[in-house]
Amino acid sequence: MGRPTRSWKLYVACFYIFLFAPLAVVAAFAFNASQYPSPPWLGFTLEWFAGNGAVFGRPGVLRDGPMLASLLASVKVAIPVAALAVALGTANAFLLERHEFPGKALLANMMLWPLVIPGVILGISILAFSSRVANGLEDLFDADLDFLRPGLPLVVAGQLSFILTIATLVISARLRRFDRALEEAARDLGAGPWRTLRTVTLPYLRPAMVGAGLVAFLMSFENFNTTLILVGSEPPLPVYMYGQMREGASPALNAVSLVLMLGTAAVATLFALVSRKAD
Amino acid sequence: MAEIADLSLARVTKRFGAHVAVDAVDFSAARGAFFSILGPSGCGKTTLMRMIAGFEMPSEGDIAIRGASMAGVPANRRPVNMVFQNLALFPTMTVGENVAYGLDCRGVARGEREARVRRILGRVGLADFIDRRVTQLSGGQRQRVAIARCLVLEPTILLLDEPLGALDLKLREHMKIELKRLQADFNTTFVYITHDQSEALVMSDQVAVMNRGRFEQVGSPRELYRDPASAFVAGFVGDANRWPAEFEAPNRVRLSGGATVAGRRFGPPSAGPATCFVRPESVALAPSAEALSALENRYSGKVVSVLFDGANSTLLVRADAGGFELRATLPQTGALAGVEKGAAVHFGWSAEAARIFAA
Amino acid sequence: MMRARGLAFWLLLLPPVLWLGLLLIVPHVEIAILSFSERVGPRLYRFGFANYLAFLTEPLYWRTFARTAVMSIAVTAITLVVAFPVAFYIAKAARGVSKAVLFLLCLLPFWASELVRTLGWMILLRETGLVSALLQATGLSAGPVELLYNDGAVIVGLVYGGLLFMVVPLVNALDSLDFSLIEAGFDLGGSRIDVLRRVVIPHAMPGIVAGSIVVFMLTAGNFVTAALLGGKNGLWFTEQIYAQFIVRFNWPQGAAFGLLLLLLSSAIVWIGLKLTGQGFGETMRRS
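None of the values given here were measured: they were computed from a predicted structure.

**Some remarks on the overall build of chain B**
Counting secondary structure elements, chain B contains eight helices and 21 strands. If one aligns the C-alpha atoms of chain B with their principal axes, the spans along those axes are about 75 × 45 × 40 Å. Within chain B, contacts between residues separated by at least 24 positions form 67% of all contacts whose residues are at least 6 apart in sequence. Across chain B, the mean location of the 42 positive side-chain charges is 3 Å away from that of the 37 negative side-chain charges.

As structure tokens, then:
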């Protein structure tokens, strides 16, 4: 079993082909000069990226208004989700690593729950609750609270409900490895508690905070299940793509997918660089 | 006029629940002294040091620095700096930033700060390392950065918490000399805690031997070595053969195997069980009994094994009568330098060299 | 550290209490309450079991539920079988750089969006797609073959989506397996299957459990893959929830479905942990 047999190696090779085939075809057919993302190959074109619609009756993704609007909606969700996940995740890490209190084990356990709750259910529960609150407040104060109705603020809340778990885990893990003698050393050299936090502890946590932020950004950008339930009139990119995919295939979808993959690769590379620096 | 001590502790006690970690410790360290606290792990020396640094507050008693009580003064406002066991250099900063940290906290102007950082790094021989990351330094260099980071603040007292523990043996020997030199150069009071008696003896002006939260004895290294005041100190400082025994006379004991030893008793005359200590280097070895006739205690025996270690070589010898074994230093220049296992030897020691404590 | 708690402690306690309270516990209580309410008039509801009765009496509902459960279990099992040899290869047969590269390559596709991956499978499996074209070109098939819109396509897509979450915990668990144990197994006369069954699999069990739980949860809660690769035939329970909530606006019914799905996935997680005596926290952190 130690030396891999030929058939075992072949199997592993097939596995990797299986793994990359879907992504490869998505990328390849983004450049096919055809109405449909399917064989035969009709020649290379960049029309699906930059075209104005004269050739295929549909503009390239970089000029496609609704597509760009959905991209913008995704960014509008992902940035607050990432920022909140890092800020609150850091606070959670300090609570879990620096304080002892009754019920701490239960609280730490509960923070993991969102990982085993299907995203659709997180979505409907938050939708149902926020609607009840909105209805109640409307009846009481005759106020219309739009942010509690389906829309981007609610999407932010829904995504945060489970992305915060990931951020908390990542940042806690690093805080746990922090040598508290460093804080004592700072105090010993004359720093007060805030200065110690700012100059010693937070710089040490920075790689984990940046990493958690990037992961949160990507997870938010790609989330579909929770977003689908909570979305209003501004669909973020995955929801928009889903609608387009149901209507029919177009290489425009391949093009936007490729843009998305390249963007993701850039963020993931950044993440890898940051986490390498951390060690 | 008596000078005010740099550091004085009055009946300092620390309790953690029912456990007394530090039990009514009194001492004072004179200005410019190298003062060591020596004790086994768990004896309370770390707690004591953390109280001096301000990370723990004494349950009772008072700590004063240059006559000023430190009660209620937080760690960041004490004229004391500490070299941590693992050094605690800030990994996110360069050498220069580490050393500048304390000055920065005090609000020292940038120009002066840089000048002082450069000056101190020059004095510890790290002038060219100012922009290096601390993770790129060797163990000895890291050590010097940790010391420079404290000394740049010109503290009244520098605390050192077993800073040599993580180094390998060779570097440790080197750093002992280096630390002593730095202390003499800067003329700062050093309070050094360690469980390694050799570190304490080599570097210190004064050593306090600590055991179970109390100081057993405070004295110069020579005093501790020659005149240990308790069985614990006799056993902990330097090497010693140690035998359980029974008082026969005020200054004579019978070992459990039957041999009698004349020695020097500490404390009031007593009867009953006792412990007898003889240092390996106090044992004289000779091929014949005549050479030992000046000694009060004389025996003959067989070499059980030869523990060769250059100048530190010792013999393990079993007495022919009296049923005891001992370790004796084997001079590599004497008549017995080439002695082999199983050889018959004569050995003995003066009454002055045997210490007897009531057990 | 059990000293008097300062302001900092209470401030730090606030975010998790708000998070877990307002985004997790209270909303789930809300759908629990909602699921037990019956509509008796416009904006008028009363307590009742009608939503659960509807689930039991309408075959489409409970069949979809059962189908989701059974297929999710099957997908989890297939994912495990597909992933195990690869994880074992990465953990024990590959060395040095190739090991790191193989592991990293496993992670890469999962940084791409689920939609992108599904789009890839649609292009591959469609009647006019790449696989169909290849089959025709090689003469294995006379005409175009429709591979999309059936259970096979759904399973392929779901297994694909679960692989990463299986490979990573498996590699982590197998990494710590001492090679000499395997050799000892052979040395003592065990056959290949014996050694696998008695030495390797018990050692990998924490990874198997962690991976299976996550894969099951993701599969049962999946929406995109079943809807797009299964088409009209790809009935999946999450679609029923979506339909009740968003299309029919029958929230109480949707809430009941949601709760049932939550119960199903919690039950599987719980059984998985109980069967192997693993803790929830450590298992989750591992994956």
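**Re the sheet that holds strand E19 (residues 325–329) of chain B**
All names here are of chain B. Here five strands make up an open sheet; going across it, the order is E16-E20-E17-E18-E19 and the pairing antiparallel. Edge positions in the sheet fall to strand E16 (284–286) and E19, since each has one partner strand and no second. Within the sheet, the average angular offset between the axes of one strand and its neighbour, ignoring direction, is 45 degrees. Pairing geometry for strand E18 (residues 314–319) and E19, over five bridges, is antiparallel. Within E19, the position partnered with Arg318 by the bridge is Glu325.

**Structural notes on the arrangement of the chains**
For the two pairs of chains in contact, the largest share of contacts goes to chains A and C. Spatially, chain B and chain C are disjoint, and the shortest separation between their C-alpha atoms is 12 Å.

**Some details on the domain arrangement of chain B**
Residue and element names in this part refer to chain B. In terms of domains, chain B is made up of domain 1 (7–232) and domain 2 (239–358). Computed from C-alpha coordinates alone, the two centres of domain 1 and domain 2 are separated by 39 Å. Taken residue by residue, the interface counts eight residues in domain 1 and seven residues in domain 2. Both faces combined, the contact of domain 1 with domain 2 buries some 660 Å², and carbon together with sulfur accounts for 47% of it. Counting the surface domain 1 buries against domain 2, the share from its top three residues, Tyr225, Pro228 and Ala231, is 67%. At the junction of domain 1 with domain 2, the criterion picks out one salt bridge.

**A short note on the interface of chain C and chain A**
Chain C puts 89 residues into the contact, and the matching count from chain A is 84 residues. Of the roughly 7,700 Å² buried between chain C and chain A on both sides combined, carbon and sulfur atoms contribute 80%. Applying the counting rule to chain C against chain A returns one salt bridge. Between Glu30(C) and Arg132(A) there is a salt bridge; the shortest N-O distance is 2.6 Å.

**Focus: the side chain of Gln240(C)**
Within the fold, Gln240(C) resides in helix H11 (residues 237–247). Look at Gln240(C) and you get buried, because its relative accessible area is 9%.

**So, the packing of helix H1 (residues 6–29) of chain A against helix H3 (residues 59–93) of chain C**
Contact pair H1(A) / H3(C): the axes reach a minimum separation of 10 Å and the direction vectors enclose 115 degrees. The angle between H1(A) and H3(C) places the two elements in the roughly perpendicular class. Crossing of H1(A) over H3(C) shows left-handed handedness. Across the interface between the two elements, Trp8(A), Lys9(A), Tyr11(A), Val12(A), Phe15(A) and Tyr16(A) of H1(A) pack against Val81(C), Val82(C), Pro85(C), Val86(C), Phe88(C), Tyr89(C), Ile90(C) and Ala93(C) of H3(C). Grouping the constituent residues of the contact of H1(A) with H3(C) by class yields 13 nonpolar, no polar and one charged.

**Comments concerning the sheet that holds strand E4 (residues 60–65) of chain B**
Think of a sheet as strands paired side by side through backbone hydrogen bonds, with each pair either parallel or antiparallel. Residues and elements named next belong to chain B. The strand order E2-E1-E4-E5 describes an open sheet built from four strands, whose pairing is antiparallel. The open sheet has two edge strands with one neighbour each: strand E2 (19–29) and strand E5 (68–69). As defined by bridge partners, E4 adjoins E5 across two bridges and the pair is classed as antiparallel. Looking across to E5, one finds that Ile65 is bridged to Ala68. Those strands touched by helix H1 (residues 45–53) are strand E1 (7–16), E2 and E4, and its axis lies near 120 degrees from that of E1.

**Structural notes on helix H10 (residues 237–247) of chain A**
Residues and elements named next belong to chain A. Within H10, eight of the 11 residues are buried, which leaves it mostly tucked inside the rest of the structure. Of all the residues in H10, the buried ones are Leu237, Pro238, Val239, Tyr240, Met241, Tyr242, Gln244 and Met245. After H10 finishes, the residue Gly248 shows a positive phi value of roughly 155 degrees.

**A word on the confidence of the model for chain B**
When pLDDT is low, close inspection of the predicted coordinates is not appropriate. Averaged over all residues, the pLDDT of chain B equals 89, while 99% of them reach at least 70. Averaged over each element, pLDDT in chain B is lowest for helix H5 (residues 169–186) of chain B (86) and highest for helix H2 (residues 95–105) of chain B (94).

**Remarks on unusual backbone geometry**
In this structure, Arg11(B) takes a positive phi of about 45 degrees despite not being glycine. In this structure, Arg212(B) is a non-glycine residue whose phi angle is positive, near 50 degrees.

**A few points about the pattern of salt bridges**
All chains considered together, the criterion is met by 33 salt bridges over all chains. For Asp6(B), the salt bridge identified is with Arg66(B), shortest N-O distance 2.6 Å. Pair noted here: Asp6(B) is in the segment before E1 and Arg66(B) is in the loop between E4 and E5, with a separation of 60 residues, a long-range link. Here Asp227(B) ties to Arg264(B) by a salt bridge, and the two come within 3.2 Å at their closest N and O atoms. Taken together, the positions of Asp227(B) in the loop between helix H7 (221–226) and helix H8 (231–236) and Arg264(B) in strand E14 (residues 264–266) put the pair 37 residues apart, joining distant regions of the chain. In this structure Asp227(B) comes out as partly exposed when scored by relative accessible area, which is 35%. Looking at Arg264(B), the relative accessible area reads 23%, which means it is partly exposed. Connected through shared salt-bridge partners, Glu184(A), Lys14(B), Arg50(B) and Glu56(B) make up one network.

Cut-offs and rules
Residues numbered from 1 in each chain as written. Chains lettered and ligands numbered in written order. Predicted model: local features only at pLDDT ≥ 70, side-chain atom pairs only at ≥ 80, totals over all residues. Heavy atoms only, no water. Helix = DSSP H or I, 4+ residues; strand = E, 2+ residues; numbered from the N terminus. Contact = heavy atoms within 4.5 Å. Lys, Arg positive; Asp, Glu negative; His and termini not counted. Charge placed at Lys NZ, Arg CZ, Asp CG, Glu CD. Pairing = 2+ DSSP bridges. Axes fitted to C-alpha atoms, helices over the stretch in contact; angles between N-to-C directions. Domains from an automatic or database assignment. Buried area = accessible area lost by both parts, 1.4 Å probe. Salt bridge = Lys/Arg side-chain N within 4 Å of Asp/Glu carboxyl O. Buried < 20%, exposed > 50% of the residue type's maximum accessible area, 1.4 Å probe, protein only. Parallel < 35°, antiparallel > 145°, perpendicular 65-115°, else oblique. Left-handed = near helix turned anticlockwise from the far one by under 90°. Nonpolar A, V, L, I, M, F, W, Y, C, P; charged D, E, K, R; others polar. pLDDT = per-residue confidence, 0-100.

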